[in-house]
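Remarks on the overall topology
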Amino acid sequence: QVQLVESGGGLVQAGGSLRLSCAASGSIFSINTMGWYRQASGQQRELVAQVISDGRTNFADSVKGRFTIKRAKNTVYLQMNSLKPEDTTVYYCNANVRVSGVDRLYWGQGTQVTVSS
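Here is a short report on the structure shown in this document. (Residues numbered from 1 in each chain as written. Predicted model: local features only at pLDDT ≥ 70, side-chain atom pairs only at ≥ 80, totals over all residues. Heavy atoms only, no water.)

For the chain, the helix and strand inventory stands at zero helices and 11 strands. Element order for the chain, N to C, with α for helix and β for strand: β-β-β-β-β-β-β-β-β-β-β. Relative to the globule expectation of 13 Å for 117 residues, the C-alpha radius of gyration of the chain, 14 Å, shows essentially globular dimensions. Projecting the C-alpha coordinates of the chain onto the three principal axes gives extents of approximately 45 × 25 × 20 Å. The proportion of buried residues among the 117 residues of the chain is 41%. For the chain, the share of sequence-separated contacts (at least 6 apart) that also reach a separation of at least 24 residues comes to 55%. In the structure as shown, the chain presents an accessible area of about 6200 Å², 45% of it carried by carbon and sulfur atoms. (Helix = DSSP H or I, 4+ residues; strand = E, 2+ residues; numbered from the N terminus. Rg over C-alpha atoms; globule rule 2.2 N^0.38 Å. Buried < 20%, exposed > 50% of the residue type's maximum accessible area, 1.4 Å probe, protein only. Contact = heavy atoms within 4.5 Å. Areas by Shrake-Rupley, 256 points an atom, 1.4 Å probe, with all protein chains shown as cover.)

With that settled, consider the pattern of salt bridges. This structure, assessed with the given rule, holds six salt bridges. Across the salt bridge formed by Arg-56 and Asp-54, the nearest N and O atoms sit 2.7 Å from each other. Residue classification places Arg-56 among the exposed positions, given a relative accessible area of 52%. Judged by relative accessible area, Asp-54 falls into the partly exposed class, the value being 48%. Overlapping salt bridges bring together Arg-38, Glu-46, Arg-66 and Asp-87 as one network. (Salt bridge = Lys/Arg side-chain N within 4 Å of Asp/Glu carboxyl O.)

What follows is the structure, given as structure tokens:
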């Protein structure tokens, strides 16, 4: 079993910054991808940023130039700068992890990010 523990959400004014962290623990053989998704009420969950095991990253167009992502061992960090009110929603950590020879997808519990105008 793998657990993802998130931290770092909160309330910030527009233009401000927040850093989200997500630590993976458990019976991890290797991590294929780690990243962050977000889901607004009534909307589909969408990819925000992702780091692949070879170091490549993917970002949603809406956050390019404002957000960065990096991974250190089993923890992934999302640095969010120049935050906008439209970034307000719940952010979920996601990890694709190899456990006992099988790739499995795990999700964190979600952390609220609120950007006031």
